[in-house]
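Descriptive analysis of the structure
Here are the chains, one letter per residue:
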Amino acid sequence: MDIEDEQRFREFVGARSKALLQTAYLLTGDWEHGRDLVQSALAGLARKWGRLADPSQAEAYARKAVYNAHVDRTRRLSWHRERTTATVPDTAAERSDPADQVAVRRDVMAALRRLPPGQRAVVVLRYFEDRTDEDIAAVLGISPGTVRSQHHKALKALRVSADITVKDGLTEEAAC
């Protein structure tokens with residue numbers, strides 16, 4: 001990497017690392033694991049920076065690397081815990097207290113952590129990054145039909161596993 005490429009890479013890291021870290025946190029539910037994912041994605045990007053055909057696609061490369069590293073990491077764990085509940089929560093009481101909002105956010109993050117990595121990636125891409133099925137399919141390297149089925153399964157699991165009402169953008173399927 002020459003000096004000019006290094007300067008452009010540093011500018012990219014300075015401009016986009018916070019957004020990448022936020023996405024990684026949503027995927028993992030843990031800031032430290034998120035930092036590790038972003039760090040490894042940026043290290044891989046640095047190695048390929050001079051050979052990128054289109055430097056404007058650097059962020060897409062980095063995001064895909066974060067998602068793939070997360071999926072690989074969770075596969076290596078080789079165990080998944082299921083949590084059952086006695087009742088299926090369909091709606092939650094209206095909350096106006098800020099402490100209740102913090103508790104709801106904590107519950108949403110816990111429910112996201114219980115999703116399989118593929119479903120979690122679809123939910124994060126759909127609602128955090130506001131991507132279409134086709135965009136998600138391209139990022140994750142799966143078909144749009146798989147994106148839709150993973151999205152459906154994820155929302156169903158979120159409704160069942162969490163004592164929350166999925167709202168603020170996640171209610172797309174709730175009316176069904």
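Residues numbered from 1 in each chain as written. Predicted model: local features only at pLDDT ≥ 70, side-chain atom pairs only at ≥ 80, totals over all residues. Heavy atoms only, no water.

**A closer look at the overall build of the protein**
Quick note on the threshold: A run of H or I in DSSP becomes a helix once it reaches four residues, and a run of E becomes a strand once it reaches two; helices and strands are each numbered from the N terminus. Throughout, exposure labels follow a simple rule: accessible area from a 1.4 Å probe, protein chains only, divided by the maximum for the residue type, with under 20% read as buried, over 50% as exposed, and the rest as partly exposed. Contact criterion: two residues are considered in contact whenever any of their non-hydrogen atoms come within 4.5 Å of each other. Residue burial considers only the protein chains on display, and all accessible areas are found by Shrake-Rupley using a 1.4 Å probe.
Counting its secondary structure elements, the protein contains seven helices and zero strands. For the protein, the N- to C-terminal ordering of α and β elements is α-α-α-α-α-α-α. Here the protein holds 176 residues, and 35% of them are scored as buried. Of all intrachain contacts in the protein linking residues separated by at least 6 positions in sequence, the fraction that spans at least 24 positions is 66%. When the accessible surface of the protein is split by element, carbon and sulfur atoms take 50% of a total near 10,800 Å².

**A look at the nonpolar core**
Quick note on the threshold: The nonpolar core is taken to be a set of buried Ala, Val, Leu, Ile, Met, Phe, Trp, Tyr and Cys residues, with the residues joined through side-chain atoms within 4.5 Å.
The biggest cluster of nonpolar side chains holds 36 residues, and the ones touching the most others in it are Phe 12, Val 38, Leu 45, Val 66 and Leu 140. For this core, the element with the highest residue contribution is helix α1 (residues 3–28), accounting for eight residues. Once you skip the residues sitting within four places of it in the chain, Val 66 turns out to touch Ala 24, Leu 27, Leu 37, Val 38 and Ala 41.

**Here's the deal with the pattern of salt bridges**
As a reminder, the rule being used: Throughout this description, the term salt bridge denotes a Lys or Arg side-chain nitrogen within 4 Å of a carboxyl oxygen of Asp or Glu.
Within this structure, the stated rule accounts for eleven salt bridges. One salt bridge connects Arg 63 with Glu 129, and the closest N-O pair in it is separated by 2.4 Å. Linking Arg 63 in helix α3 (residues 58–77) with Glu 129 in the loop between α5 (117–128) and α6 (133–140), this pair joins segments that are 66 residues apart in sequence. A cluster of three or more residues bridged by salt bridges with shared partners is formed by Arg 16, Glu 59, Arg 63, Glu 129 and Arg 131.

**Notes on the side chain of Thr 28**
Let me state the cut-off plainly: We define a polar contact as two N or O atoms separated by no more than 3.5 Å, with the added condition that, inside protein, one atom must be a possible hydrogen donor and the other a possible acceptor, whereas residues neighbouring each other in sequence contribute only through side-chain atom pairs.
Inspection of the secondary structure puts Thr 28 in helix α1. Here the side chain of Thr 28 touches Asp 30 through a polar contact of 2.9 Å, landing on its backbone oxygen. When near neighbours in sequence (up to four residues on either side) are disregarded, Thr 28 contacts His 33, Gly 34, Leu 37, His 70, Arg 113 and Arg 120.

**Here's the deal with the confidence of the model for the protein**
Stated precisely, the cut-off is as follows: Known as pLDDT, the predictor's confidence for each residue is given on a scale from 0 to 100.
On average, the protein scores 80 in pLDDT, and the residues at 70 or more come to 80%. Segment residues 164–176: pLDDT under 50, and 22 contacts once partners within four positions in sequence are set aside and those in other chains are kept.

**A few points about the packing of α5 against helix α7 (residues 144–161)**
Our working rule: Every axis corresponds to a line fitted to the C-alpha atoms, with the helix fit spanning only the stretch in contact, and the corresponding angles, defined between N-to-C directions, vary from 0 to 180 degrees. Orientation is classified from the angle alone, with under 35 degrees giving roughly parallel, over 145 giving roughly antiparallel, 65 to 115 giving roughly perpendicular, and any other angle giving oblique. Only Asp, Glu, Lys and Arg are considered charged in this grouping, and only Ala, Val, Leu, Ile, Met, Phe, Trp, Tyr, Cys and Pro are considered nonpolar; every other residue, Gly among them, is considered polar.
The contact between α5 and α7 brings their axes to 9 Å, and the two run at 95 degrees. Classified by the angle their axes make, α5 and α7 are roughly perpendicular. For the pair α5 and α7, contact is made by Gly 118, Gln 119, Val 122, Val 123, Arg 126 and Tyr 127 and by Val 147, Gln 150, His 151, Lys 153, Ala 154 and Leu 155, respectively. For the contact of α5 with α7, a count of residues per class yields six nonpolar, four polar and two charged.

**Some points on the environment of Ala 86**
For Ala 86, the position within the fold is in the loop between α3 and α4 (98–114). With 74 residues separating them along the chain, Ala 86 and Val 160 place their C-alpha atoms 9.8 Å apart.

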